[in-house]
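Below, each chain spelled out in residue letters.
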Amino acid sequence: VAYSTGLVLPFEFYPVWTNIFPTSASALGGDIVTVYGVGLLDTSVRYECVFSVQATQVRSFVNEAVDASEVRCPVPLWPNASSNVEVQVISILSSGNTTIYYLDGTLTPAAFGFFLVQEEVL
């Protein structure tokens, strides 16, 4: 931002995500989680969804940036069915710098649940 006095102040926009859907999926993986927000379409940035609980962390690369308000991540195979985990979205710049984005710009990751799908026996 430039002022008439010649003073220039740096100004940056950061992506913010506001919601994920669905909030649970099969521990077998393969489903798609849609992340909603604003400012999510930056071609110089690679986004990942990070599913984590305690020492277990699985990253899932965004496989589709629909537009600036919606990206989609495949749900990874999760080693422990019936787990409640946290989800964060991170961006990785071409320089290798990483930024973690939390739900609604807070320091709180989104809650996500994995469940075991029961096969029906006929």
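Residues numbered from 1 in each chain as written. Predicted model: local features only at pLDDT ≥ 70, side-chain atom pairs only at ≥ 80, totals over all residues. Heavy atoms only, no water.

Draft legend 1. Molecular detail of the overall build of the protein. Across its full length, the protein holds zero helices and ten strands. The buried share of the protein, taken over its 122 residues, is 34%. Looking at the protein alone, contacts between residues at least 24 apart form 61% of all its contacts between residues at least 6 apart. For the protein, the accessible area works out to roughly 7700 Å², and carbon and sulfur atoms hold 56% of it. (Helix = DSSP H or I, 4+ residues; strand = E, 2+ residues; numbered from the N terminus. Buried < 20%, exposed > 50% of the residue type's maximum accessible area, 1.4 Å probe, protein only. Contact = heavy atoms within 4.5 Å. Areas by Shrake-Rupley, 256 points an atom, 1.4 Å probe, with all protein chains shown as cover.)

Draft legend 2. Spotlight on the state of the cysteines. Inspection of the entire model under this criterion finds one disulfide. Covalent S-S linkage joins Cys49 and Cys73, the inter-sulfur distance amounting to 2.1 Å. Around the S-S axis, the bridge from Cys49 to Cys73 shows a dihedral of about 75° and counts as right-handed. Within this pair, whereas Cys49 is found in strand 4 (residues 45-53), its partner Cys73 is found in strand 7 (residues 70-74), the two being separated by 24 residues in sequence. Here the two residues Cys49 and Cys73 agree in accessibility, since each one is buried. (Disulfide = S-S within 2.5 Å.)

Draft legend 3. Representation of the environment of Val53 in the model. Looking at the element boundaries, Val53 is found in strand 4. Residues Val53 and Ser83, 30 residues apart in the sequence, show an inter-C-alpha distance of 8.4 Å. Contacts of Val53, omitting those with residues within four sequence positions, involve Trp78, Asn84 and Val85.

Draft legend 4. Up close: the nonpolar core. The biggest cluster of nonpolar side chains holds 20 residues, and the ones touching the most others in it are Ile20, Val33, Val35, Phe51, Trp78 and Phe114. Considering each element in turn, this core owes the most residues, four residues, to strand 4. Each residue touching Phe114, except ones within four places of it in the same chain, is listed here: Ala25, Ser26, Ala27, Phe51, Val75, Pro76, Trp78, Ala81, Ser82, Ser83 and Val85. (Core = buried A, V, L, I, M, F, W, Y, C linked by side-chain atoms within 4.5 Å.)

Draft legend 5. Seen up close, the environment of Arg46. Position of Arg46 relative to the elements: it lies in strand 4. Counting along the chain gives 45 residues from Arg46 to Ser91, while the straight-line C-alpha distance between them is 5.6 Å.

Draft legend 6. Summary view of unusual backbone geometry. Across the junction of Phe21 and Pro22, the peptide omega takes the value -5°, indicating a cis bond. Among the structural elements, Pro22 can be located in the loop between strand 1 (16-21) and strand 2 (24-26).

Draft legend 7. Spotlight on the side chain of Glu48. The topology assignment puts Glu48 in strand 4. Taking relative accessible area as the criterion, Glu48 reaches 2% and is therefore assigned buried. Setting aside chain neighbours within four positions, we find Glu48 in contact with Arg59, Ser60, Phe61, Val62, Gln88, Val89, Ile90 and Ile92.

Draft legend 8. Up close: the pairing of strand 3 (residues 32-38). Bridge count between strand 1 and strand 3: five bridges; the pairing is antiparallel. Paired with Asn19 across the strands is Tyr36, a residue of strand 3. Two elements, strand 3 and strand 7, share five bridges in a ladder whose sense is antiparallel. Residue pairing across strands places Thr34 opposite Arg72, the latter belonging to strand 7. (Pairing = 2+ DSSP bridges.)

Bear in mind that shape data such as this cannot, by itself, settle questions of function.
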